[in-house]
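Examining the three-dimensional arrangement
Here is how the chains run, residue by residue.
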Amino acid sequence: LLFRQAREACDSYWMRKLTREKLERRLDTGAHVLVKTHEWTPQVRRADFEALAPMFSAVVVSVREGFEEDPEWMRFATHVIHFEDIVAKDESEGKLGAVEVLRRLAEHLGIT
């Protein structure tokens, strides 16, 4: 939605298996490419992700209190979003709220 609001092309189609060829084919269109995953799988292995990481301009990791952060994901993170900040509503207590979280993410992604 951030890319759409900024009128920038974003390819967010699902890829069952993450490969260099698939990423290059999508990046060749000039669009931003969104890769979403939750865990290492036979189709998205850590070693493959690590080899492809230089192709990514950002790796955004979402974390939540009460759940242990995965150090394997955190080492790739260029931006971390805390779930509690998204659902927070009281700015007087320093809680960010969804709009501020999105503003910071847009800034991190270079979307103006």
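A quick note: this is a predicted structure, and the numbers were derived from the prediction, not measured. (Residues numbered from 1 in each chain as written. Predicted model: local features only at pLDDT ≥ 70, side-chain atom pairs only at ≥ 80, totals over all residues. Heavy atoms only, no water.)

Considering the pairing of strand β3 (residues 60–63)
On β3, burial follows the alternation: Val61 and Val63 on one face are buried, whereas Val60 and Ser62 on the facing-out side are not. In terms of strand pairing, β3 meets strand β4 (residues 79–82) through four bridges, oriented parallel. For Val61, the partnering residue across the bridge sits in β4 and is Val80. (Buried < 20%, exposed > 50% of the residue type's maximum accessible area, 1.4 Å probe, protein only. Helix = DSSP H or I, 4+ residues; strand = E, 2+ residues; numbered from the N terminus. Pairing = 2+ DSSP bridges.)

Digging into the pattern of salt bridges
Within the structure shown, the criterion is met by nine salt bridges. Here Glu50 ties to Arg46 by a salt bridge, and the two come within 2.7 Å at their closest N and O atoms. A residue pair is termed a helical-turn pair when its members lie 3 or 4 positions apart in one helix, as Glu50 and Arg46 do in helix α3 (residues 46–52) at four residues. Residue classification places Arg46 among the partly exposed residues on the basis of a relative accessible area of 31%. Note that Arg75 is salt-bridged to Glu50, the shortest N-O span being 2.9 Å. Taken together, the residues span a long stretch of sequence, with Arg75 in the loop between α4 (71–74) and β4 and Glu50 in helix α3 at a distance of 25 residues. (Salt bridge = Lys/Arg side-chain N within 4 Å of Asp/Glu carboxyl O.)

Some details on the environment of Arg103
Following the sequence through the fold, Arg103 ends up in helix α6 (residues 98–109). A relative accessible area of 43% means that Arg103 is categorised as partly exposed. There is a polar contact of 2.4 Å between the side chain of Arg103 and the side chain of Glu100. (Polar contact = N/O pair within 3.5 Å; in protein donor to acceptor, adjacent residues only side chain to side chain.)

Quick word on the nonpolar core
Membership of the largest hydrophobic core comes to 13 residues, with the highest contact counts inside it found for Leu18, Leu23, Phe49, Phe56 and Val59. Not counting chain neighbours up to four residues away, the residues in contact with Phe49 comprise Leu18, Trp40, Phe56, Val59, Trp73 and Phe76. (Core = buried A, V, L, I, M, F, W, Y, C linked by side-chain atoms within 4.5 Å. Contact = heavy atoms within 4.5 Å.)

Some details on α6
Counting along an α-helix, one turn takes 3.6 residues, and residues three or four places apart therefore face a common direction. Over its twelve residues, α6 extends 16 Å from the first C-alpha to the last, a length consistent with the 16 Å expected when each residue adds 1.5 Å. Where α6 is concerned, the buried positions are Val101, Leu105 and Ala106. All buried residues of α6 project into a common sector of 135 degrees when viewed along the axis, lining one side. Counted as exposed and oriented over 90 degrees from the buried face of α6: Val99 and Glu107. Where α6 is buried, its residues meet α1 (2–5), β3, β4 and α5 (83–87). Downstream of α6 by one or two residues, Gly110 has phi in the positive range, about 75 degrees. (Expected span 1.5 Å × (residues − 1). Arc of directions from axis to C-beta.)

Some thoughts on the packing of aromatic side chains
Following the criterion strictly, the structure yields six aromatic pairs and no others. The interplanar angle of 35 degrees and the centroid separation of 5.1 Å between the aromatic rings of Phe49 and Phe56 together place this pair among those described as tilted. One exposure class covers both Phe49 and Phe56, and it is buried. With a centroid separation of 5.1 Å and 80 degrees between ring planes, the pair formed by Phe49 and Trp73 is classed as edge-to-face. On the criterion of sequence distance, the pair formed by Phe49 in helix α3 and Trp73 in helix α4 is long-range, its members being 24 residues apart. (Phe/Tyr/Trp six-rings, centres within 6.5 Å; stacked < 30°, edge-to-face > 60°.)

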